[in-house]
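Now for the letters of each chain:
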Amino acid sequence: MLANIGLVILFIAFLLSLFATLSSVYGGVKNKNAWVESARNASLLVFPLLSFSIIVLLYSLYVMDFSLAYVYDVSSTAMSPFLRLTALWGGQQGSVLFWAWIMSAFVMIVLLRKWEENRALMPYVITTSMLTTTFFIAVVVFITNPFSKLWYIPGAEDLIKTVFQPVGAVQYFPVDGRGLNPLLRHFGMIGHPPTTYIGFTGFVIPFSFAIAALVTGKSGEDGWIRTTRRWTLLAWIFLSIGLVLGGRWAYDVLGWGGFWGWDPVENAMFMPWLTGTAFLHSVMMTEKRGMLKKWNMILIILTYALTIFGTFITRTGIISSVHAFSKSALGPAFFAFIGITFVSSLTLLFTRWDTLKSEHQLESFTSREAVFVLQNMLFLAIAFAVFWGTVFPLISELITGSKITVGPPYFKKVTGPLFFALILLMGVAPFSSWRKQSLAKVKKVLLTPFLISLGATAVWGYVHRTHPFSIFGLWLVSFVFFAIITEFWRGIRVRMASRGENPLIALFKLFRRNQRRYGGYIIHLGVIMIALGVIGDTYFKQETQGTLKVGEALKIGAYSLRFDGLQGFPGSDGRDIVEAKTMLYKNDQFIRELTPRRDFFVVQQQPVTVAGVYSSLNVDVYTMLVGWETQPTQSVTLKIYVNSLINWVWTGGMVLILGILIAVCPSKKSKRRVTYVMKSNPLYFESFLGD
Amino acid sequence: MEEATVNVDSQEHPEEASIEKHSTMWKTSGRIVTYFLLFALLGLLAWGLAKVQRGQVHSGEAPNFTLKDFNGNALTLSDLRGQVIIINFWASWCPPCREEAAYLEQTWEKYKDRGVVFIGVDYVDTEKEALAYINEFKVTYFNGPDIGTRISQAYNIQGVPETFYVAKNGQLRGVKVGPLQSPELDLKIEELLAETYP
Amino acid sequence: MLRKFFFTVFVVLLSLFTAVTVVYAQQSNPVFPTDDDVNAIAKKLYCPVCPNTPLDVCETQACKDWRAQIKDQLTSGWNEQQILDYFVTQYGEKVLAEPQRSGFTSLVWMLPVIVLIIGLGFVSLLLKSWRNRRNHQVSDAPPIPSITPDVLAKLEKELQEID
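Residues numbered from 1 in each chain as written. Chains lettered and ligands numbered in written order. Predicted model: local features only at pLDDT ≥ 70, side-chain atom pairs only at ≥ 80, totals over all residues. Heavy atoms only, no water.

A. Representation of the overall build of chain C. What chain C contains, in helices and strands, is 6 helices and 0 strands. Relative to its full complement of 163 residues, chain C shows a buried share of 36%. Element-wise, carbon and sulfur atoms account for 63% of the exposed surface of chain C, whose accessible area totals about 9300 Å². (Helix = DSSP H or I, 4+ residues; strand = E, 2+ residues; numbered from the N terminus. Buried < 20%, exposed > 50% of the residue type's maximum accessible area, 1.4 Å probe, protein only. Areas by Shrake-Rupley, 256 points an atom, 1.4 Å probe, with all protein chains shown as cover.)

B. Here's a closer look at the overall build of chain A. The helix and strand tally for chain A stands at 20 helices and 13 strands. For chain A, the C-alpha radius of gyration of 28 Å lies close to 26 Å, the compact-globule estimate for 691 residues. Projected onto its principal axes, the C-alpha coordinates of chain A cover approximately 85 × 75 × 55 Å. The burial tally for chain A puts 62% of its 691 residues in the buried class. Counting only contacts in chain A whose residues sit at least 6 apart along the sequence, the fraction spanning at least 24 positions is 70%. (Rg over C-alpha atoms; globule rule 2.2 N^0.38 Å. Contact = heavy atoms within 4.5 Å.)

C. Quick peek at the state of the cysteines. Residues and elements named next belong to chain B. Per the counting criterion, the structure on display carries 2 disulfides over all chains. A sulfur-sulfur distance of 2.1 Å marks the disulfide that ties Cys-94 to Cys-97. Across the S-S bond of Cys-94 and Cys-97 the torsion is about 95°, and the bridge reads as right-handed. Like Cys-97, Cys-94 is buried. (Disulfide = S-S within 2.5 Å.)

D. Main features of the sheet that holds strand β6 (residues 162–166) of chain B. Residues and elements named next belong to chain B. Strand order across the open sheet formed by 5 strands is β5-β4-β3-β6-β7, with mixed pairing between neighbours. Every other strand in the sheet has two partners, leaving β5 (142–145) and β7 (172–177) as the edge strands with one partner each. Averaged over all pairs of adjacent strands, the angle between strand axes in this sheet comes to 20°, irrespective of strand direction. Pairing of β6 with β7, which is carried by 4 bridges, proceeds in the antiparallel orientation. Bridging from a neighbouring strand, Phe-164 pairs with Val-175 of β7. (Pairing = 2+ DSSP bridges. Axes fitted to C-alpha atoms, helices over the stretch in contact; angles between N-to-C directions.)

E. Fine view of a nonpolar patch on the surface. Residues and elements named next belong to chain A. There is a patch of nonpolar side chains on the surface, built from Met-1, Leu-2, Ile-5, Phe-52, Tyr-59, Tyr-62, Val-63 and Leu-85 and spanning about 750 Å² of accessible area. For the nonpolar patch, the secondary-structure elements that each account for two or more residues are α1 (2–29) and α2 (33–62). Broken down by element, the residue count for the nonpolar patch peaks at 3 residues, all from α2. With respect to the element layout, Phe-52 can be found in helix α2. (Patch = residues over 30% accessible without salt bridge, like charges linked within 9 Å, V, L, I, M, F, W, Y side chains within 5 Å. Salt bridge = Lys/Arg side-chain N within 4 Å of Asp/Glu carboxyl O.)

F. A look at empty space enclosed by the protein. Residue and element names in this part refer to chain A. Here the structure, examined in full by the defined rule, presents 6 cavities of 30 Å³ or more. Of the voids in this model, the second largest cavity is the one considered here, and its volume is about 70 Å³. Considering the residues around the second largest cavity, the lining is formed by Ser-95, Val-96, Trp-99, Phe-135, Phe-136, Val-139, Thr-311, Arg-315, Leu-330 and Phe-334. Of all elements in the fold, only α5 (92–113), α6 (122–143), α11 (293–315) and α12 (330–351) reach the threshold of two or more residues within the lining of the second largest cavity. Grouping the constituent residues of the lining of the second largest cavity by class yields 7 nonpolar, 2 polar and 1 charged. (1 Å grid on protein atoms, 1.4 Å probe; cavity = no way out; pocket = protein on both sides within 12 Å on 5 of 7 lines; lining within 4 Å. Points joined across faces, edges and corners; volume = space filled by probe spheres on them. Nonpolar A, V, L, I, M, F, W, Y, C, P; charged D, E, K, R; others polar.)

G. Structural detail: the domain arrangement of chain A. When cut into domains, chain A gives domain 1 (2–262 + 273–356), domain 2 (438–539 + 648–680) and domain 3 (542–644). Once you take the C-alpha centre of each, domain 1 of chain A and domain 2 of chain A turn out to be 36 Å apart. (Domains from an automatic or database assignment.)

H. Quick peek at the packing of aromatic side chains. Taken as a whole, this structure holds 67 aromatic pairs over all chains when the rule is applied. When the centroid spacing of 5.7 Å and the interplanar angle of 15° are considered together, the rings of Phe-82 of chain A and Phe-187 of chain A count as stacked. Linking Phe-82 of chain A in helix α4 (residues 81–86) with Phe-187 of chain A in the loop between β3 (170–171) and α7 (192–202), this pair joins segments that are 105 residues apart in sequence. Measuring from ring centre to ring centre gives 6.2 Å for Trp-108 of chain B and Tyr-141 of chain B, while their planes differ by 75°; the resulting arrangement is edge-to-face. Pair noted here: Trp-108 of chain B is in helix α4 (residues 95–111) and Tyr-141 of chain B is in the loop between α5 (127–136) and β5, with a separation of 33 residues, a long-range link. Here Arg-101 of chain C stacks its cationic end above the ring of Trp-109 of chain C, 4.2 Å away from the centre of that ring. (Phe/Tyr/Trp six-rings, centres within 6.5 Å; stacked < 30°, edge-to-face > 60°. Lys NZ or Arg CZ within 6 Å of the ring centre and 35° of its normal.)

I. Fine view of the sheet that holds strand β13 (residues 635–644) of chain A. Pairing is antiparallel across the open sheet formed by 4 strands, whose spatial order is β4-β13-β12-β11 (chain A). Where the open sheet ends on each side, the last strands, each with one partner, are β4 (542–549) and β11 (612–615) of chain A. In this sheet, adjacent strand axes meet at a mean angle of 20° when their direction is disregarded. Across the sheet, helix α2 (residues 35–42) of chain C lies against β4 and β13 of chain A, angled at about 140° from β4 of chain A, the strand it touches most.

J. The packing of α5 of chain A against α7 of chain A, seen in detail. Residues and elements named next belong to chain A. Running from amino to carboxyl end, α5 crosses α7 at an angle of 50°, the nearest separation of the two axes being 9 Å. Classified by the angle their axes make, α5 and α7 are oblique. When you trace α5 past α7, the crossing you get is right-handed. Residues Ser-95, Phe-98, Trp-99, Ile-102, Met-103 and Phe-106 of α5 pack against Pro-194, Tyr-197, Ile-198, Phe-200, Thr-201 and Gly-202 of α7. (Parallel < 35°, antiparallel > 145°, perpendicular 65-115°, else oblique. Left-handed = near helix turned anticlockwise from the far one by under 90°.)

K. Inspection of helix α9 (residues 223–254) of chain A at higher detail. Residue and element names in this part refer to chain A. Here α9 is 32 residues long and its end C-alpha atoms lie 45 Å apart, about the 46 Å a rise of 1.5 Å per residue gives. Counting buried positions along α9 yields 23 of 32 residues, so the element is predominantly enclosed. Just downstream of α9, Gly-255 is the residue with a positive phi angle, here 65°. (Expected span 1.5 Å × (residues − 1).)

L. Looking closely at unusual backbone geometry. At the junction of Gln-631 of chain A and Pro-632 of chain A, the peptide bond is cis and its omega measures out at -5° in the coordinates. Position of Pro-632 of chain A relative to the elements: it lies in the loop between β12 (619–629) and β13. Residue Pro-183 of chain B follows Ser-182 of chain B across a cis peptide bond; omega there is 0°. Considering the arrangement of structural elements, one finds Pro-183 of chain B in the loop between β7 and α7 (184–194). For Asn-587 of chain A, which is not a glycine, the phi torsion comes out positive at approximately 50°. Mapped onto the fold, Asn-587 of chain A is located in the loop between β7 (575–586) and β8 (589–594). Within the chain, Asp-588 of chain A stands out as a residue other than glycine whose phi angle is a positive 65°. Residue classification places Asp-588 of chain A among the exposed positions, given a relative accessible area of 70%.

M. The arrangement of helix α16 (residues 470–499) of chain A in detail. Between its terminal C-alpha atoms α16 of chain A stretches 43 Å, which fits the 44 Å expected from 30 residues at 1.5 Å a residue. Positive backbone phi, approximately 65°, marks Gly-500 of chain A, located one or two places after α16 of chain A.

N. Spotlight on the pairing of strand β10 (residues 606–610) of chain A. Residues and elements named next belong to chain A. Summarising the sheet, strand β9 (residues 597–601) and β10 pair through 5 bridges and their orientation is antiparallel. By the bridge assignment, Arg-598 is partnered in β10 with Thr-609. Hairpin geometry of β9 and β10 is characterised by an intervening segment of 4 residues between the two adjacent antiparallel strands and by a positive phi of about 55° at Gln-605.

O. Expanded view of the nonpolar core. Grouped together as the largest cluster of nonpolar side chains are 155 residues, with contacts concentrated most on Phe-136, Trp-224, Met-297, Phe-309, Phe-342 and Tyr-410 of chain A. The greatest single-element share of this core, amounting to 15 residues, is contributed by helix α13 (residues 368–399) of chain A. There are two domains that each give this core at least three residues, and those are domain 1 (2–262 + 273–356) and domain 2 (438–539 + 648–680) of chain A. With 71 residues, the next largest nonpolar core counts Ile-85, Ile-119 and Leu-172 of chain B together with Leu-96 of chain C among its residues. (Core = buried A, V, L, I, M, F, W, Y, C linked by side-chain atoms within 4.5 Å.)

P. The packing of α4 of chain B against α7 of chain B, seen in detail. All names here are of chain B. In the contact formed by α4 and α7, the axes pass within 10 Å of each other and the chain directions differ by 35°. Two packed elements cross with a definite hand, and for α4 against α7 that hand is right-handed. Residue-level inspection shows Tyr-103, Leu-104, Thr-107, Lys-110 and Tyr-111 of α4 in contact with α7, the latter providing Glu-184, Leu-185, Asp-186, Ile-189, Glu-190 and Leu-193. Class assignment for the residues of the contact of α4 with α7 results in 6 nonpolar, 1 polar and 4 charged.

Q. Region of the structure containing the confidence of the model for chain C. All names here are of chain C. Of all residues in chain C, 63% attain a pLDDT of 70 or more, and the chain-wide mean is 76. When mean pLDDT is taken per element in chain C, helix α4 (residues 80–91) scores highest with 92 and helix α1 (residues 2–19) scores lowest with 53. Across residues 18–29 the pLDDT falls below 50, and counting only partners more than four positions away or on other chains, this stretch makes 23 contacts in the model. Of the regions scoring below 50 in pLDDT, residues 138–144 engages in 5 contacts with residues more than four places distant in sequence or in other chains. The ipTM assigned to the predicted complex is 0.87, against a pTM of 0.88. (pLDDT = per-residue confidence, 0-100.)

Structure follows, in structure tokens:
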């Protein structure tokens, strides 16, 4: 009954968002304010309505109402209430509803906060964002409805899942559900999927503003671009968190000792992150110098296009991936949606191309603009390489008929040098100021970090003679690290000299005074920490595998792992566990007991490998139970990975997120900054007064 | 205040206009290339989508192939016109294949002298395990590995086991996904044997 | 002060590098081929039946069979290239983790490089055109006072003191 109400509410939300889309176009084109207002009100209603549907679905999951096909598919009595609730986004139907819901929330926030400020753009902001929302709600209502029921037609093999009763069918009430995919039964389920979805959907707002600016021809102005920057930043924050959490989850759950496999789904997430990052950098040039407007427009549209492209290739299964999203009928509808979005935005961009003009021209090649342009180009080159590697199997199959795989070696070899160049630029960029800059001065400032990094590299190269290529990576990481430290030091010294502050207070005030900039440097520090982790993963990862009888040990480097016995027992969540008891020693010193195990989910007939991990600052010993024999004697096959430096990836991820928080945290000073931005455009002062 | 600033950028600067003119050709060709690339991408996605949604090739003429058995004897599908052909895709690592193996062999024994050909196509398997499987179920009909997965790609199989039915005229008459259960194969063969062609 | 600071960071970082455990030689194992020998080859292959999973970490029965096959082949004296070639002929090019560098597949390697070159060319053209335009319209550009970070900092400071 409750589900039926949820269904009706969902349908009303669909009608309202459709109305909002049409009404806003009409109101915008005919310049009729009442229609636009009406569209706004309709849009504002969509979020509460979808919230209601979400609550109904959550409730159904919580009370295990298996009469709903979705609840039957993704939950079961064996699952804990926590996991049952996270199952909201554990399957296609629920995740698309969740997606539409977040999108409607974003639209609502924009309409409430930016209505006056960006009034002229609003009709088309509503059109674009609500058209997208309408599409997703339509998918929920007509294609993958989470409120579908199960029907049984006597004589038929399979159950039917529809909302309405098919002819001659009786409703089927299962006693228990099939349960969530075992790989998703993890605490990480609360973090990675929702942050990723928020990140992905968040890009719809910048896109809507960009489209509205193009349609109205007001893209030459800057008001919209500030709104766009903020929303891109918001989406980017969540996407970044989603990426870090996803990597951690893969490391913990997928059981292959790594955190990034260059799988199409990961790439689908990574591409918009790359272009979004490029945008966040280039938008500074638009804000500070009124430059690169066309470029920004392209980046916004591209980023959004990549989010829906990524969603499309992964949800329709046209490119095979380890992430098994259930295939469904949403393919053709989704194809029409991305086709219309791509073609119309490109056409719009071309028609309005000439309205996008720069105000200032570049003055010298060593100045920061050149660095920024180069850096943007590198981001795009990486994004292209990732894109190309992701779609190439499809192209190959179409043209030559042979299926191929483009695996991690391709991505590492192609993007590696590009990342190297990008990180190098990251170290140099802060030292080229916005306008003219003499090369000699830059050289002088960078000399100290350069020499120190050379020293560090020499020591490293000596210690790790067997991995000559790692020294390039290390030189890069240490140079950029010291360059950033130098930049901090310069700021501190200025404050110490001018105000007589002690270094710590100077550092603190430096952050307070210019959060965005120094937050940005913290983000850069996070990036080089992750880079250090990647260097460890690339050059110093070791693995070994062996079959052991009780009492025997497997050796890898300084570590040895002794097998002490095997035990099997039933676990929670409907799984049978086989666990190996092993003792980890380092240089014959006992460290701790590790219990790698294999969980077998009985209902799903699916095994899940759970690694036994010993984690220290510099090294993770990651052990896996690969197989076992009980006849004639008990023996196990164990695999050990020694992952050096891998924890820098997580630490770096946290530092990155910390940097983002510093950069976006509202401060008293941030609004006043506009007073000394040298711009000929009076809009800045207008918005300043408007605050 | 807002109204006053609207037109700042839409005014054309004469100098810029002349520069723009020079680049018009570049611009036009750039646009054509961009559109071309976009439509190429959309075409690629449409093709991929159609392929995913199409599923097995289950009607029309059966894609021809030549299969070599584990001893090197070859068999070509088009040489078998006039006979009813059962093409079974299997693999030793696939548990459901084991469910149908005995039934398949029994049916083969029953029909092998009545103008029926069974072809076992071993999908990505190791030779050792495949031979062990054939031994275990005492399979006597023609079996060979699908080298380079060419045959399974031609039939666009989605998994194993899958069984394709080919009529005497070489036309596909459907596909069974999953293990065969008695007596469905008998019924299908009888149906196809009953067909007559001039 | 600066030097002292850098020195500390340097020492901390050094201690970190040396702490990384690195092993140069594996314990010699009497029986060839070991699981490690098998995995070294399996790593370069993808499981032909499971979507996008490297063969060395895949736990399905099919993958176990393939690893056993690699082991048999190593035992009978095949080298790595022979085994990889065998896999390609048997199961298609799809099993190779790293796409080949010949034929149509070489495009996957080449195009990113071409795009990078085009991108670099575009960037240099853009920078050049910016410079040219600036020369064209020196009088047109609004005069912009040159502001160094130090001036900016001073300005900032003064603004601070106003309120």
